[in-house]
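A closer look at the structure
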Amino acid sequence: MRPRRRVVFVCCDGLGRDWVRPDLTPGLDQLRSRGAWCADHHAVFPSVTRTSAASVATGCTPARHGLHGNRMGLFEDGRIVVRDVGKPDFRDHMRRATGMALRVPTLAECIGEAGGFIAFSNVSPGAAYFLDPDHFGHVYHRAGSFAPGGAALDGFDISHDLAGDWRMTRRFCSELLEERAPAIAVLWLANPDLTLHGNPLGSPAHLEALAQADRCVLEVTREVERQRRRGEEILLLVGSDHGQETIGDVVDLEAWLAGQGLVSSLAAGDIAVAGQGTAALLYATKRGRPSLAGVLDALRREPWLDEVVVGEALSARGHAASGGVVAALNMARRNDPNPHGVMGHRWTVAEAGKPTAIGCGQHGGWGPDETRPFLIIDGTGSGAVERATSLVDIAPTALSYLGLTATSCDGTPIT
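So, a few notes on the structure that sits alongside this text. (Residues numbered from 1 in each chain as written. Predicted model: local features only at pLDDT ≥ 70, side-chain atom pairs only at ≥ 80, totals over all residues. Heavy atoms only, no water.)

1. Details of the sheet that holds strand 17 (residues 333-337)
Across the sheet, 4 strands lie side by side as 17-18-12-19; this open sheet has mixed pairing. Of all strands in the sheet, those with a lone pairing partner are strand 17 and strand 19 (361-362), marking the two edges. Where strand 12 (residues 245-251) meets strand 19, 2 bridges bridge the pair, whose relative direction is antiparallel. Considered in strand 19, the bridge of threonine 246 is made with glycine 361. (Pairing = 2+ DSSP bridges. Helix = DSSP H or I, 4+ residues; strand = E, 2+ residues; numbered from the N terminus.)

Structure representation (structure tokens):
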């Protein structure tokens, strides 16, 4: 039986708010003109996809849901081990270290038997799986797809590129919106984020990725309209998780800490760095905290660093000073333009085995462009939403539309 009301959420990964323009994304601009445009919409910190996916799914900040970033420190055998959240097996490591995946219910759990939850995702496995890490609904991804209860599913051979985004969108429209009609359907595109990690902002490749993301949104919009003409009640939310900024240079924070005399603490796992692109989280065990605290003032004086936050300031960024997190860093920004006239260059944090693409896109901190995603709400009215909104407001908005109470969310319904 089809649910009385349905919610569709489309995420254009990495599409910053200022790039929604009539000349670049006409489909999105048209949708903005008829829907509710969130004029002061914000990312969570870190402004990365994996944490964002958890915040969209739960309506909570990292302090509540527990997924710290794209890379995260875990206590394993008395030491801090930094792991890549994007890996398919990260949930297993997280459960062994903490006893659980996310600490609060997801949309998939909240919706329960009331119509179901299905997500199609073309980003990293970790970002896809943290939409529903405990298998209350269906999640489809090229690395493996799962039904409720965790049963493996076959047949989702979507390539990780622009063509894959388009193929996934077509399947989303025909299979989910037309046939299966879950109460909540999520489509998470890889672009323009995927393209920008290898190309400059404002480049022809970036503009093509914007056009292709716009094409995917337009396809979903048309199908939603077709369903509405048949009498369906559908709330359409189209947005992004973060924006992008330009990489200007790279800093090896582990080498810097080693230069401050912390070689043995790093080797012992008493201090660790979890790079987040244009930001980082610093972890320490109880043994390592005094040594790490002793170098923070020197760190603040470095020209490549914007800000170091600890304690209450860390809480204000949506993180708890627990789970080993001692401090969050935001890397500095220069205001010069890139070759395509896009202003701003950022220092980024080096990650072992991962080359830094100087001049290309990056995100993760609280810079002015990476923290400005967009959100359009179509189906409950039009005009600008003037109050500040963020990713944590998406889940309660969806639940409210479906007549459910968002008791566990940090955010509140937007409409």
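2. As for the pattern of salt bridges
For the structure on display, the rule yields 31 salt bridges. With its nearest N and O atoms 3.3 Å apart, the salt bridge here joins arginine 34 to glutamate 225. Residue arginine 34 is found in helix 1 (residues 26-34), and its partner glutamate 225 is found in helix 9 (residues 204-229); the two are separated by 191 residues along the sequence. Look at arginine 34 and you get partly exposed, because its relative accessible area is 34%. Classification of glutamate 225 by relative accessible area gives partly exposed; the value is 24%. With a closest N to O distance of 2.7 Å, arginine 50 and aspartate 84 form a salt bridge. Highlighted residues: arginine 50 in helix 2 (residues 49-58) and aspartate 84 in strand 5 (residues 79-84), separated in sequence by 34 residues. (Salt bridge = Lys/Arg side-chain N within 4 Å of Asp/Glu carboxyl O. Buried < 20%, exposed > 50% of the residue type's maximum accessible area, 1.4 Å probe, protein only.)

3. Focus: the sheet that holds strand 13 (residues 271-275)
The antiparallel open sheet is built from 4 strands, whose spatial order is 13-14-16-15. The open sheet has two edge strands, strand 13 and strand 15 (305-309), and neither has a second partner. Along the sheet, successive strands turn relative to each other by an average axial angle of 20°, direction set aside. Strand direction decides the pairing type here: strand 14 (residues 279-284) and strand 16 (residues 325-331), joined by 5 bridges, are antiparallel. Residue pairing across strands places leucine 281 opposite alanine 328, the latter belonging to strand 16. (Axes fitted to C-alpha atoms, helices over the stretch in contact; angles between N-to-C directions.)

4. Quick word on the packing of helix 7 (residues 162-180) against helix 9
For the pair helix 7 and helix 9, interaxial distance at closest approach is 10 Å and the crossing angle is 10°. Viewed along their axes, helix 7 and helix 9 adopt a mutual orientation that is roughly parallel. Seen from helix 7, the contacting residues are Leu162, Asp165, Trp166, Thr169, Arg170, Phe172, Cys173, Leu177 and Glu178; seen from helix 9, they are Glu208, Ala209, Gln212, Arg215, Cys216, Glu219, Val220, Glu223, Val224, Arg226 and Gln227. (Parallel < 35°, antiparallel > 145°, perpendicular 65-115°, else oblique. Contact = heavy atoms within 4.5 Å.)

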